[in-house]
Amino acid sequence: MSHVGQIIDFNKIVDSRGEMVALEGDRNIPFDIKRVYYIFNVKPGEVRGKHAHKELKQVAIAMSGSCKVSLDNGETKEEFILNDKSKGLLIDSCVWREMYDFSSDCVLAVLASEYYLESDYLRDYKEFLNHKLV
Ligand code: T46
């Protein structure tokens, strides 16, 4: 089975004072990071995402709490639970994503390969499937 998303296990730098993770573009993040945003205070039962991107690649990390992410490349669907600040979910371009079951304390940070660009969005599922055929 081909994988739709990939979990990246970040190296934890641990010493007697606590723990740290360092994120570096083109190193442990497999693209140059152009944008960072984070999502929090998601209302119970809300689903975010429900779109794909033509070019954008992202890594999503639950900095606190947890949420679920469903990824769909048009052929295969996979569900991930994000609940570990030392693991990131790599979401490639042209993957339909839905984020749900956010815990009330969830802070979902996202590192993105591009600046925000509305024309990069595929917000209609049929349009997404057609785009994959082009
Ligand atoms: C994804 C999930 C995890 C901006 O102005 N700048 C930005 O960088 C972003 C991401 C959004 N926006 C505006 C666009 C919309 O008017 O904020 C509003 C909400 O954005 P959106 O509906 O895209 O939010 P989500 O949570 O459904 O999806 C976002 C990302 O778009 C998406 O790529 O993977 O977060």
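Please refer to the structure placed before this passage.
Cut-off values and rules
- Residues numbered from 1 in each chain as written.
- Predicted model: local features only at pLDDT ≥ 70, side-chain atom pairs only at ≥ 80, totals over all residues.
- Heavy atoms only, no water.
- Helix = DSSP H or I, 4+ residues; strand = E, 2+ residues; numbered from the N terminus.
- Buried < 20%, exposed > 50% of the residue type's maximum accessible area, 1.4 Å probe, protein only.
- Core = buried A, V, L, I, M, F, W, Y, C linked by side-chain atoms within 4.5 Å.
- Contact = heavy atoms within 4.5 Å.
- Lys, Arg positive; Asp, Glu negative; His and termini not counted.
- Salt bridge = Lys/Arg side-chain N within 4 Å of Asp/Glu carboxyl O.
- Polar contact = N/O pair within 3.5 Å; in protein donor to acceptor, adjacent residues only side chain to side chain.
- 1 Å grid on protein atoms, 1.4 Å probe; cavity = no way out; pocket = protein on both sides within 12 Å on 5 of 7 lines; lining within 4 Å.
- Points joined across faces, edges and corners; volume = space filled by probe spheres on them.
- Near = heavy atom within 4 Å.
- Areas by Shrake-Rupley, 256 points an atom, 1.4 Å probe, with all protein chains shown as cover.
- Pairing = 2+ DSSP bridges.
- Axes fitted to C-alpha atoms, helices over the stretch in contact; angles between N-to-C directions.

Engineer: I'm lost on unusual backbone geometry in this one. Help?
Structural biologist: Of all residues except glycine, most have a negative phi; of all peptide bonds, most are trans. Of note, the phi angle at Asn41 is positive, near 55 degrees, even though the residue is not glycine. Mapping Asn41 onto the fold places it in the loop between β4 (35–40) and β5 (48–53). Judged by its relative accessible area of 60%, Asn41 falls in the exposed class.

Engineer: Help me understand the nonpolar core in this model?
Structural biologist: One broad rule of soluble globular proteins: the nonpolar side chains tend to lie buried together. Counting residues in hydrophobic clusters, the biggest one holds 18 residues, and the most contacted among them are Cys67, Val69, Leu71, Leu82, Leu89, Phe102 and Leu108. Those elements giving two or more residues to this core turn out to be β6 (58–64), β7 (67–72), β8 (77–82), β9 (87–91) and β11 (107–112). Counting residues per element, this core draws most heavily on β7, which supplies 3 residues. What Leu71 contacts, discounting residues up to four positions off in sequence, is Val4, Gly5, Thr76, Lys77, Glu78, Phe80, Leu89, Ile91, Val95, Trp96 and Arg97.

Engineer: I'm lost on the side chain of Arg97 in this one. Help?
Structural biologist: For Arg97, the position within the fold is in strand β10 (residues 96–100). Here Arg97 is buried and forms no salt bridge, its nearest opposite-charge partner Asp120 lying at an N-O distance of 7.5 Å. Reaching out from Arg97, the side chain makes a polar contact with the backbone oxygen of Val95 at a distance of 3.1 Å. Contacts of Arg97, omitting those with residues within four sequence positions, involve Arg48, Gly49, Lys50, His51, Ala52, His53, Gln58, Ser70, Leu71, Ile91 and Asp92.

Engineer: Sorry if this is basic, but what is going on with the layout of surface pockets here?
Structural biologist: If a probe as big as a water molecule is rolled over the atoms, it shows which places are left empty. Size it by volume and the largest pocket reaches roughly 240 Å³. Forming the walls of the largest pocket are 16 residues, and the residues nearest its centre are Tyr37, Ile39, Gly49, His51 and Met99. Counting residues per element, the ones that place at least two in the lining of the largest pocket are β4, β5, β6, β10 and β11. With 4 residues, β5 is the largest single contributor of residues to the lining of the largest pocket.

Engineer: Looking at this model, I keep getting lost on the site of the ligand. Mind explaining?
Structural biologist: Close to the ligand lie 13 residues, the nearest being Arg35, Arg48, Gly49, His53 and Tyr121. A distance of 2.6 Å separates an oxygen atom of the ligand from a polar atom in the side chain of Arg48. Within the side chain of Gln58, an N or O atom sits 3.0 Å from an oxygen atom of the ligand. Burial of the ligand by the protein amounts to 68% of the accessible area it has alone, namely 650 Å². Contributions of two or more residues to the shell around the ligand are made by β4, β5 and β10.

Engineer: Looking at this structure, how should I read the sheet that holds β6?
Structural biologist: Backbone hydrogen bonds hold the strands of a sheet together, and the pairing may be parallel or antiparallel. What the 5 strands build is an open sheet, ordered β1-β9-β6-β11-β4; its pairing is antiparallel. Looking at strand neighbours, the two that pair on one side only are β1 (5–9) and β4, the edges of this open sheet. For this sheet, the mean inter-axis angle between neighbouring strands, taken without regard to orientation, is 25 degrees.

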